[in-house]
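# Architecture and fold: a report
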Amino acid sequence: MTDRPPPAAGGNLLTDTPELYELRFPDPGFTAARWAESVLREHRCGPELLDLGCGTGRDAAWLHRAAGRAVTGLDSSAAMIEHARTHHAGPAYHVGDMRDFRLPGRFDAALCLDSALLHCHTNDDLDAVFGRLRRHLRPGGLLVAEMRNGAFFLGRTELLDAPRTDTVTRGGTTLTSHTTLRIDHAAQLLRRTRVWTSDDGAPAVTQHSAWRLLFPQELRFLLAANGFTVLALYDRPGPRTEPPWAEGDRPADTAEGDRIHLVARLAGSASKGASRQRS
């Protein structure tokens, strides 16, 4: 499987510039990590955690430091992993492809935030990821994921109708991104074109990327086929919803919003991990 590029590898200004990523997507209250920890606690999950697509390591480090978890982070971007090791130390970080990684030992849970799973565009890619998780999770281990929701685009076009413009300032230079989304129906992908301009006269940079659009029932089917039972699947609240998740919030029973949140358990007893967490 080494002949194919890892998901989201290279060629992306935000992925290749972790400092810019954290400026563009600030999370001063660590909402994403606190949401994840609330889910792990609710399901009495053991302490050993794998963060798939860990990015800059911001969430992994909070879960390691504040929640006391033994966290291992994996990301396909070498720049992100280097940033994580330097600025968010504590977890063990590895560069790797979520479709064919091999790590020692097993984990009580795997975390997959910010649509990282959706960089796997084909059914074979998704089966490969779930196969890796079966190998690396203990029986009864959890998968906790947060991603875009394919069902949102059934009859909804507000994210497709016009480009989105955002600005971020780094080192005295203001960068502006113009982002356009379109649906590739045949491939079931949400394709993104992003054009970056800057006020220092540098040439514009155009980048292309895509996410797989997964629907709630499709997720249930893929997970069941790979030995997982879905415990929760809902659109809000979460770290990127409006309003965002806050401590004590309970999940809705709907799945029509822009984001979807997943909790699934691998077949087997969960008692071992739970007892270790309580001890």
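In case you missed it, the structure is sitting above this.
Presented here is an overview of the structure given in this document. (Residues numbered from 1 in each chain as written. Predicted model: local features only at pLDDT ≥ 70, side-chain atom pairs only at ≥ 80, totals over all residues. Heavy atoms only, no water.)

Right, let's get into the nonpolar core. Most often, soluble globular proteins keep nonpolar side chains buried together rather than apart. Membership of the largest hydrophobic core comes to 39 residues, with the highest contact counts inside it found for Leu52, Phe130, Leu133, Leu143, Leu223, Phe228 and Leu262. Secondary-structure elements contributing two or more residues to this core are strand S1 (48-52), strand S4 (107-112), helix H6 (123-136), strand S5 (137-148), strand S7 (173-184), helix H7 (216-225), strand S10 (228-234) and strand S11 (259-266). With residues near it in sequence (within four places) discarded, Leu223 still touches Phe130, Leu143, Phe228, Val230, Leu262 and Ala264. Among the nonpolar cores identified, the runner-up in size contains 26 residues, and Ala33, Cys54, Leu113 and Val144 belong to it. (Core = buried A, V, L, I, M, F, W, Y, C linked by side-chain atoms within 4.5 Å. Buried < 20%, exposed > 50% of the residue type's maximum accessible area, 1.4 Å probe, protein only. Helix = DSSP H or I, 4+ residues; strand = E, 2+ residues; numbered from the N terminus. Contact = heavy atoms within 4.5 Å.)

Moving on to the environment of Leu50. Its place among the elements puts Leu50 in strand S1. Judged by relative accessible area, which is 1%, Leu50 ranks as buried. Note: C-alpha distance between Leu50 and Arg24 (26 residues apart in sequence) is 25 Å.

Turning our eyes to something else, we now look at the layout of surface pockets. The space that makes up the second largest pocket amounts to roughly 240 Å³. Residue lining of the second largest pocket: 17 residues in total, with Ser38, Glu42, Asp249, Arg250 and Pro251 positioned closest to the centre. Of all the secondary-structure elements, those providing two or more residues to the lining of the second largest pocket are helix H3 (31-42) and S10. The element contributing the most residues to the lining of the second largest pocket is H3, with five residues. When grouped by side-chain class, the residues that make up the lining of the second largest pocket number nine nonpolar, three polar and five charged. (1 Å grid on protein atoms, 1.4 Å probe; cavity = no way out; pocket = protein on both sides within 12 Å on 5 of 7 lines; lining within 4 Å. Points joined across faces, edges and corners; volume = space filled by probe spheres on them. Nonpolar A, V, L, I, M, F, W, Y, C, P; charged D, E, K, R; others polar.)

Attention now moves to the pattern of salt bridges. Opposite charge on two side chains permits pairing when their charged atoms draw close. The tally for this structure, following the rule as stated, stands at 17 salt bridges. Of the charged contacts in the structure, one is a salt bridge between Asp108 and Arg138, with a shortest N-O distance of 3.1 Å. With Asp108 in strand S4 and Arg138 in strand S5, this residue pair connects regions lying 30 residues apart in the sequence. For the pair formed by Asp108 and Arg138, the shared burial category is buried. Residue Asp258 pairs with Arg148 through a salt bridge whose shortest N-O separation is 3.4 Å. In this pair, Asp258 is assigned in the loop between S10 and S11 and Arg148 in strand S5, connecting sequence segments 110 residues apart. (Salt bridge = Lys/Arg side-chain N within 4 Å of Asp/Glu carboxyl O.)

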